[in-house]
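Topology and contacts: notes
Listed here are the chains, written in short residue letters.
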Number of protein chains: 2
Amino acid sequence: MDNQHGGNIVAFAKEIGTHPLEVIDLSSNINFVKPKIEFDFNTLEISPYPNYDKLEDALARRYEIAKEEFELFNGATSAIYALFSLLKPQYATLYAPLYLEYEKALNLTQGQIEHINRFEDIYKEPKENSLVVFVNPSTPDGKHYDLERLIKIWIDKNCTIVIDESFLDFTSHKSATSYIKEYSKLYILKSMTKFYSSAGVRIGVLISTQKNIQAIKTKEPLWKISEFDSHYLQEALKDKEFKEISDNAHQESYKKLIEILENFPYTDKIYPTDANFMLVKLKGMDAPTLQKKLLPHKIMIRNCSNFKFLDDSYVRIAIKSGECMGVLEVGLRSIS
Amino acid sequence: MDNQHGGNIVAFAKEIGTHPLEVIDLSSNINFVKPKIEFDFNTLEISPYPNYDKLEDALARRYEIAKEEFELFNGATSAIYALFSLLKPQYATLYAPLYLEYEKALNLTQGQIEHINRFEDIYKEPKENSLVVFVNPSTPDGKHYDLERLIKIWIDKNCTIVIDESFLDFTSHKSATSYIKEYSKLYILKSMTKFYSSAGVRIGVLISTQKNIQAIKTKEPLWKISEFDSHYLQEALKDKEFKEISDNAHQESYKKLIEILENFPYTDKIYPTDANFMLVKLKGMDAPTLQKKLLPHKIMIRNCSNFKFLDDSYVRIAIKSGECMGVLEVGLRSIS
């Protein structure tokens, strides 16, 4: 199945001959809890050119940053492409495994890439002056790292630092944005689609110093974000109870998923996660076999073999509703 | 007023102390007729990653192109930036006056720029192997050109050709897409926001050969377009009566605008237009003065002094509803 990134529900549904709405997608990491949206999108005036002032105000408040310290993109991936095309790094150090688009974007700028294995050699020193990319919480395992020691290493090596915090909102940890005051070659990236349950809404935020953001803005078109998307996110940001509701629901499903996986005889190792997905090492069965065995249950999971340092004994399973976890339980039991 | 592009209604409203909805925006060229949208946006499932198959099918049918012959962007401006960043033209020839973003995008790729004056010297030969950009119908005057002779010149000079047809849907003229079969270094650009009355929806289409589009796709992220925007445009494309309704409404307002401008003593020249806006040369009054005199009527018009080959004796006025044209009439009469 050509589903490198997970989440291609339409193709999956077509393959197994069902409706996309019937598919239980445990391959992509979109929050299964949705924010309360009290807005009638049918009344939205979309004829005029967009104005992002209110959205930027709301994001500045939410993430405690100045409006001049960030730029909006059509999703975090668009931000990655734009940033690398600006920085054109000659040498990049990726803390792997990590989100695949980083390597793809770096290949386009033709820089040299080194991978540091987060699991085995995380404090290995990166090359002087290189661009380092760290995803925190990480993918595909969801671990949140205390970055203090790493940031010290990176600054000592005069690195340009990119920290991807697309899953940080699922945790209670602090953002690395506070380091921007101390070190200007730092970029923080946040996808707005994971936590706010809206991959169909294309908004990502790139945060850095005012000067760095100004340099990026000169390379960017005036209007990128849809007025619909802007209003969706403004509404989502207004929902003050969402974080607590989402956290509680995840905690419950997390426990259930752990229990299901502990009872699954082909589980070798469950990786501790701080995010809304779980990396599992299988034994006695490979990822494609498990994917195939879950097809009759209309369940998609992520084969992690195309992640650096992983192989086809690894799968990633999203933490979804209790009901979805229940279907997974039935599916896995039928294999046991 | 820092309103280079027109259309910044929010800033304008703030300046004159009114609500944005009170502003009569004759500075931006968005269709005042809206397509019939029979879709409940509140029911849209935006959690999953977007799938653009249906939108691409609809666009392929509408513009009689293959799905492999175009790429979607977040508006035509995003397409321009992406295309120039890919092509990195060393020498570009812009048929001016034209949309300002072309020069801005070319400045980023640091190529040399030559302007050919469409009004005075249109058949001047561009430099061999250069990139030529032609907007048809043109901005800010709205003239539609028969491109046959120009295309012959450009092909003879081995130019890479970019034709911006963002306003072509307002006319009944044929697209230049048919030339793609004959000449592979041809790109056609279409903004979906002008004709379909949706600047808040960010969709532009870049059309070329399958091979060129494939090269562009490798440099682009997987997901860019909002699911909301995709559905808006799919609905708009379904409205088969829209073109006729829009054309009739424009014809009526066009006549009224001509009449109003002919009776305005400061009109020096009205440029014939095929699009939904009109270029006017003033006499005895400059554009900033006219803009200022229209402020009490909450009317925005476009000062064309930042267009190449024009000066502050030129204004662009959008063709809007009969009611809006009526307010303009009152405004202009109060000046006479």
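Preceding block: the structure.
The paragraphs below set out a description of the structure included in this document.

Conventions used here
Residues numbered from 1 in each chain as written. Chains lettered and ligands numbered in written order. Predicted model: local features only at pLDDT ≥ 70, side-chain atom pairs only at ≥ 80, totals over all residues. Heavy atoms only, no water. Axes fitted to C-alpha atoms, helices over the stretch in contact; angles between N-to-C directions. Helix = DSSP H or I, 4+ residues; strand = E, 2+ residues; numbered from the N terminus. Left-handed = near helix turned anticlockwise from the far one by under 90°. Contact = heavy atoms within 4.5 Å. Nonpolar A, V, L, I, M, F, W, Y, C, P; charged D, E, K, R; others polar. Buried < 20%, exposed > 50% of the residue type's maximum accessible area, 1.4 Å probe, protein only. Arc of directions from axis to C-beta. Pairing = 2+ DSSP bridges. Patch = residues over 30% accessible without salt bridge, like charges linked within 9 Å, V, L, I, M, F, W, Y side chains within 5 Å. Areas by Shrake-Rupley, 256 points an atom, 1.4 Å probe, with all protein chains shown as cover. Salt bridge = Lys/Arg side-chain N within 4 Å of Asp/Glu carboxyl O. Lys, Arg positive; Asp, Glu negative; His and termini not counted. Charge placed at Lys NZ, Arg CZ, Asp CG, Glu CD. Polar contact = N/O pair within 3.5 Å; in protein donor to acceptor, adjacent residues only side chain to side chain. Buried area = accessible area lost by both parts, 1.4 Å probe. Least-squares fit on C-alpha atoms with pLDDT ≥ 70 in both.

A few points about the packing of helix α2 (residues 53–63) of chain B against helix α7 (residues 227–238) of chain B
All names here are of chain B.
- Relative to each other, α2 and α7 sit at 35°, their axes nearing to 10 Å. The way α2 lies across α7 gives a crossing that is left-handed. Residues K54, L55, A58, L59 and R62 of α2 touch α7, and the partners they reach there are S230, L233, Q234 and L237.
- Across the contact of α2 with α7, the residue classes break down as 5 nonpolar, 2 polar and 2 charged.

What to know about the environment of K104 of chain B
- Turning to its location among the elements, K104 of chain B is positioned in helix α4 (residues 101–108).
- By relative accessible area, K104 of chain B is classed as partly exposed at 30%.
- Separated by 24 residues in the primary sequence, K104 of chain B and I80 of chain B place their C-alpha atoms 10.0 Å from one another.
- Leaving out residues up to four positions away in the same chain, K104 of chain B has contacts with T218 and E220 of chain A together with Y81 of chain B.

A few points about helix α6 (residues 210–217) of chain A
- When α6 of chain A is considered as a whole, its buried residues turn out to be N212, I213 and I216 of chain A. Along the axis of α6 of chain A, the buried positions cluster into a sector of 95°, meaning they face one direction only.

Let's talk about the sheet that holds strand β10 (residues 277–282) of chain A
Residues and elements named next belong to chain A.
- Ordered by their spatial adjacency, 4 strands build an open sheet running β9-β10-β13-β12, and the pairing between neighbours is antiparallel. What marks the edges here is a single partner per strand, and that holds for β9 (267–270) and β12 (302–303).
- As defined by bridge partners, β12 adjoins strand β13 (residues 314–318) across 2 bridges and the pair is classed as antiparallel. Note that in β13 the partner of N303 across the bridge is V315.

Describing a positive patch on the surface
- A cluster of basic residues, K88 and K219 of chain A together with K88 and K219 of chain B, forms a positive patch on the protein surface.
- Mapped onto the secondary structure, K88 of chain A falls in the loop between α3 (76–87) and β3 (91–96).

Remarks on the side chain of N117 of chain A
Residue and element names in this part refer to chain A.
- Position of N117 among the secondary structure elements: in strand β4 (residues 112–117).
- You can call N117 buried: its relative accessible area is 11%.
- A distance of 2.8 Å separates a polar atom in the side chain of N117 from the backbone nitrogen of F119.
- Not counting residues within four places of it along the chain, the set of residues in contact with N117 comprises A96, I122 and F309.

What about the interface of chain A and chain B?
- Each partner contributes residues to the interface: chain A has 48 residues there, and chain B has 48 residues.
- Roughly 3,900 Å² is buried in total at the junction of chain A and chain B, and carbon and sulfur atoms are behind 58% of that figure.
- A per-residue breakdown of the area chain A buries against chain B is headed by S47, Y49 and W223 of chain A, which together make up 16% of the total.
- Joining chain A to chain B, the criterion identifies 2 salt bridges.
- E45 of chain B is the salt-bridge partner of K34 of chain A, the closest N and O atoms lying 3.2 Å from each other.
- At the junction of chain A with chain B, the criterion picks out 24 residue pairs in polar contact (both at pLDDT 80 or more).
- Breaking the side of chain A that touches chain B down by element, the ones donating at least two residues are α1 (9–16), α3, α4 (101–109) and α7 (227–238) of chain A.

Digging into the pattern of salt bridges
Residue and element names in this part refer to chain B.
- Scanning all chains against the criterion turns up 34 salt bridges over all chains.
- The shortest N-O distance in the salt bridge between E71 and K217 comes to 2.7 Å. With E71 in strand β2 (residues 70–73) and K217 in helix α6 (residues 210–217), this residue pair connects regions lying 146 residues apart in the sequence.
- On the basis of relative accessible area, K217 is assigned to the partly exposed category, the value being 28%.

Comments concerning the relation of the copies chain A and chain B
- Superposing chain A onto chain B requires a rotation of 180° together with a translation of 0.0 Å along the rotation axis, leaving an RMSD of 0.0 Å. Such a turn and shift between the copies fits a two-fold axis. Considering only C-alpha atoms, the residue of chain A closest to the rotation axis is F41 of chain A, which sits at 2.8 Å.
- By residue overlap, the copies meet face to face through one surface: 100% of the interface positions of chain A are interface positions in chain B.

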